[in-house]
Amino acid sequence: MPQPTSSTRPDIAPASASSHQIRRLHDTALWRFLHRDENLADAQQRLHNLIAGLIADAARAGDLRSDTPPAELATYCLHALNAASSLPAKTAVSRLVTLVLDALRPTSAKRSARGA
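Report on the accompanying structure. (Residues numbered from 1 in each chain as written. Predicted model: local features only at pLDDT ≥ 70, side-chain atom pairs only at ≥ 80, totals over all residues. Heavy atoms only, no water.)

Let us now look at the overall build of the protein. From N to C terminus, the protein includes four helices and zero strands. Counted from the first residue to the last, the protein has its helices and strands arranged as α-α-α-α. Looking at the protein residue by residue over its 116 residues, the buried ones come to 16%. Roughly 9,100 Å² of accessible area belongs to the protein as shown, and the carbon and sulfur atoms make up 60% of that amount. (Helix = DSSP H or I, 4+ residues; strand = E, 2+ residues; numbered from the N terminus. Buried < 20%, exposed > 50% of the residue type's maximum accessible area, 1.4 Å probe, protein only. Areas by Shrake-Rupley, 256 points an atom, 1.4 Å probe, with all protein chains shown as cover.)

All told, the structure shown has four salt bridges when counted by the stated rule. Between Arg 46 and Asp 42 there is a salt bridge, with the nearest N and O atoms lying 2.3 Å from each other. One end of the pair, Arg 46, and the other, Asp 42, are both in helix H1 (residues 12-60), four residues apart, so they sit about a helical turn from each other. You can call Asp 42 partly exposed: its relative accessible area is 41%. (Salt bridge = Lys/Arg side-chain N within 4 Å of Asp/Glu carboxyl O.)

Right, let's get into helix H3 (residues 90-104). With 15 residues, H3 extends 21 Å from end C-alpha to end C-alpha; this agrees with the ideal 21 Å at 1.5 Å per step. Every buried residue of H3 is accounted for by Ala 92, Leu 96, Val 100 and Leu 104. Down the axis of H3, the buried side of the element spans an arc of 115°, and every buried residue falls inside it. When the buried face of H3 is taken as reference, the exposed residues oriented beyond 90 degrees from it are Lys 90, Thr 91, Arg 95 and Thr 98. (Expected span 1.5 Å × (residues − 1). Arc of directions from axis to C-beta.)

Membership of the largest hydrophobic core is limited to 11 residues, which are Ala 52, Ile 55, Ala 58, Leu 64, Leu 73, Ala 74, Cys 77, Ala 84, Leu 96, Val 100 and Leu 104. Within the residue set of this core, elements represented by two or more residues are H1, helix H2 (70-82) and H3. Setting aside residues no more than four positions away along its own chain, Ala 52 makes contact with Pro 70, Ala 71 and Ala 74. (Core = buried A, V, L, I, M, F, W, Y, C linked by side-chain atoms within 4.5 Å. Contact = heavy atoms within 4.5 Å.)

Further remarks concern the environment of Ser 94. When you line up the elements, Ser 94 lands in helix H3. In this structure the C-alpha to C-alpha distance between Ser 94 and Ala 84, which are 10 residues apart in sequence, comes to 9.0 Å.

Quick look at the side chain of Thr 68 now. Following the sequence through the fold, Thr 68 ends up in the loop between H1 and H2. The buried category is assigned to Thr 68, whose relative accessible area is 17%. For Thr 68, the side chain forms a polar contact with the side chain of Asp 67, separated by 3.4 Å. (Polar contact = N/O pair within 3.5 Å; in protein donor to acceptor, adjacent residues only side chain to side chain.)

One way to put it is that H2 packs onto H3 with a least axis distance of 10 Å and a crossing angle of 170°. By the angle between their axes, H2 is roughly antiparallel relative to H3. Contact with H2, carried on its side by Leu 73, Cys 77, Ala 80 and Leu 81, involves Leu 96, Val 97, Val 100 and Leu 104 of H3 and no other residues of that element. Of the residues assigned to the contact of H2 with H3, the class counts are eight nonpolar, no polar and no charged. (Axes fitted to C-alpha atoms, helices over the stretch in contact; angles between N-to-C directions. Parallel < 35°, antiparallel > 145°, perpendicular 65-115°, else oblique. Nonpolar A, V, L, I, M, F, W, Y, C, P; charged D, E, K, R; others polar.)

Such coordinate-based values are descriptive only and should not be taken to indicate function.
Structure below.
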């Protein structure tokens, strides 16, 4: 006697199709979960490039220091500002932002601000 298949047993076909859809959805969700770091790294790199470009433009205009490569300054800034998420108060975040901005000022502007 032949064994029934999903095509001859209507009660199995919908369950089989539903199982396939769930597995496909799960595989998609799993793929996104496993590859989210790649997407995050791409976004972080784009942000770094944007900040480095802005720093380079401002340094050429004389508004920011030019003695350090813009990409290096962008790395410093992003890491320092990332620390803001662990600070306990808005005033601490404000001090951190002030510190970062002060570090970006041209060296001559810092000397004149100190009266040197």
